[in-house]
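Summary of the model geometry
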Amino acid sequence: MASIATVLENNSSITHRYGSDLVAVFVGGTSGIGESTACAFIRNTNASRAYLVGRDQARATQIIEEMRQINPDSQIDFIKSDVSLFREVDNACKAIQQKEDKVNILFLSPGVGTTKGRDETDEGLDRKLNLHYYSRMRFVTNLLPQLIKAGDMSNKPGNSKPCLSRVVSHLAAAYPQISFIHSFPGVVRTRLGRDFGAVTKYALDALMVLARPWEIPLDESGERHLFAATSLRFPPRLYKDGVLDAAEGSDGCMGSGFYRLGSTGSTYRSSKIMGQYRVEGVRGSIWKHTLDVFAMVRGAQVEL
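Presented here is an overview of the structure given in this document. Since this is a predicted model, take the numbers as computed values, not measurements.

Some details on the pattern of salt bridges
Note on pairing: side chains with opposite charge can pair once their charged atoms come close. For the coordinates displayed, the defined rule picks out 14 salt bridges. For R49, the salt bridge is made with E100, and the minimal N-O distance between the two is 2.7 Å. In this pair, R49 sits in strand β2 (residues 49-54) while E100 sits in the loop between α5 (86-97) and β4 (105-108), placing the two residues 51 residues apart along the sequence. Considered together, R49 and E100 belong to a single accessibility category, that of buried residues.

Right, dumping it as structure tokens:
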């Protein structure tokens, strides 16, 4: 567990450890945890550049104005994009790549709260599944050259989904230069339920009242996620005498390159089922399926 004092101390020293001119991309950065983490990044860094990717132009304009008041030396750009569509993900990534040759932090938190069944996009994929998994992985694959160039301060926190954890652990093994972080944010009051019906909203509000003792304030959640993305506790895969540490694959352990975090920064230790997935090649199979979906929708196979 990381105390809030430890979190704030870490965040206040980011510039001292890593220097200025850091670049961060926040997909889902115009609301909820993505917004609060972007604000924490701007507040704690010097001469940094942040890209907010989302759909709400009006909300983005308001956020950017507030961020510029917090830190006038930072540069914040909004990229309007419906990231439930691969073509818009690809366009957003191209817009970033035209300006940046490195990305230090890629923060992925797009999502939608809905009780509807399958809601298919015009690309033939379920909108919710795409937001919570496929589109996130599309951002990772598209921006890998920039993440690799940034070196050992590239992290990708996101909400905890079993399929996502398995694939991210696979990527951590393939790209030892990058730290991959998959975090469970805990009970945080966000706008995720804005698309729910009235009855569901009332039920969610009642649930939040019951969960109040465990609730993490939105601003604190942003600071904690910035801590996860910048702390030396979560390095890329460690090397010993130029050789990868044999501990590779110990999900959530120091030096593995892949970390599953709880809401207070504690790592989940490797589970028996995750070890079984490694042995049986489940991670690679899921990743192959992901690339096949990319190829089906966009017509070109990505070799990774």
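Re the packing of helix α3 (residues 32-44) against helix α4 (residues 57-70)
Their axes nearest at 9 Å, the elements α3 and α4 cross at an angle of 25 degrees. Compared by their axis directions, α3 and α4 come out roughly parallel. Both α3 and α4 take part in a crossing whose hand is right-handed. Side by side, α3 and α4 meet where E35, A38, C39, I42 and R43 of the first sit next to R59, I63, M67 and I70 of the second.

Details of the sheet that holds β2
Ordered in space as β3-β2-β1-β4, the four strands form an open sheet in which the pairing is parallel. Whereas interior strands pair on both sides, the edge strands pair on one side only; in this sheet they are β3 (75-80) and β4. On average, each strand axis in the sheet is inclined to that of its neighbour by 15 degrees, with strand direction left out of account. In this structure, β2 lies alongside β3, joined through six bridges in parallel fashion. Each residue of the ladder has a partner; that of L52, found in β3, is F78. Sheet strands touched by α3: β1 (23-27), β2, β3 and β4. Its angle to β1, the strand with the most contacts, is close to 165 degrees.

Focus: the packing of α5 against helix α6 (residues 127-142)
Closest axis-to-axis distance for the α5/α6 pair is 10 Å, and the angle between their directions is 35 degrees. When you trace α5 past α6, the crossing you get is right-handed. Together, F86, V89, D90, A92, C93 and Q97 of α5 and N130, Y134, S135, R138, F139 and N142 of α6 make up the contact between the two elements. Of the residues belonging to the contact of α5 with α6, the class tally is six nonpolar, four polar and two charged.

Details of the pairing of strand β8 (residues 258-261)
Each regular strand displays side chains that alternate between the two surfaces of the sheet. Burial along β8 is two-sided: the residues F258 and R260 and Y259 and L261 are all buried. Bridging between strand β5 (residues 180-183) and β8 involves four bridges; their strand directions are parallel. Its bridge partner being in β8, F180 is matched across the sheet by F258.

Things to note about the packing of aromatic side chains
Enumeration according to the criterion identifies six aromatic pairs in this entry. Relative to F234, the ring of F227 has its centre 6.1 Å away and its plane inclined at 85 degrees; by these criteria the two rings are edge-to-face. For F227, a relative accessible area of 3% puts it in the buried group. The buried category is assigned to F234, whose relative accessible area is 4%.

A look at the nonpolar core
Across soluble globular proteins, nonpolar side chains show a tendency to be buried alongside one another. Counting residues in each nonpolar core, the largest one holds 40 residues, and the members touching the most others are L106, M137, F139 and F180. Contributing elements (two or more residues each) for this core: β1, β2, α5, β4, α6, α7 (144-150), α8 (162-174) and α12 (282-298). Per-element accounting of this core gives the leading share, six residues, to α6. Core analysis: the second largest hydrophobic core is formed by 24 residues, F26, A38, F41 and A50 among them.

Conventions we followed
Residues numbered from 1 in each chain as written. Predicted model: local features only at pLDDT ≥ 70, side-chain atom pairs only at ≥ 80, totals over all residues. Heavy atoms only, no water. Salt bridge = Lys/Arg side-chain N within 4 Å of Asp/Glu carboxyl O. Helix = DSSP H or I, 4+ residues; strand = E, 2+ residues; numbered from the N terminus. Buried < 20%, exposed > 50% of the residue type's maximum accessible area, 1.4 Å probe, protein only. Axes fitted to C-alpha atoms, helices over the stretch in contact; angles between N-to-C directions. Parallel < 35°, antiparallel > 145°, perpendicular 65-115°, else oblique. Left-handed = near helix turned anticlockwise from the far one by under 90°. Contact = heavy atoms within 4.5 Å. Pairing = 2+ DSSP bridges. Nonpolar A, V, L, I, M, F, W, Y, C, P; charged D, E, K, R; others polar. Phe/Tyr/Trp six-rings, centres within 6.5 Å; stacked < 30°, edge-to-face > 60°. Core = buried A, V, L, I, M, F, W, Y, C linked by side-chain atoms within 4.5 Å.

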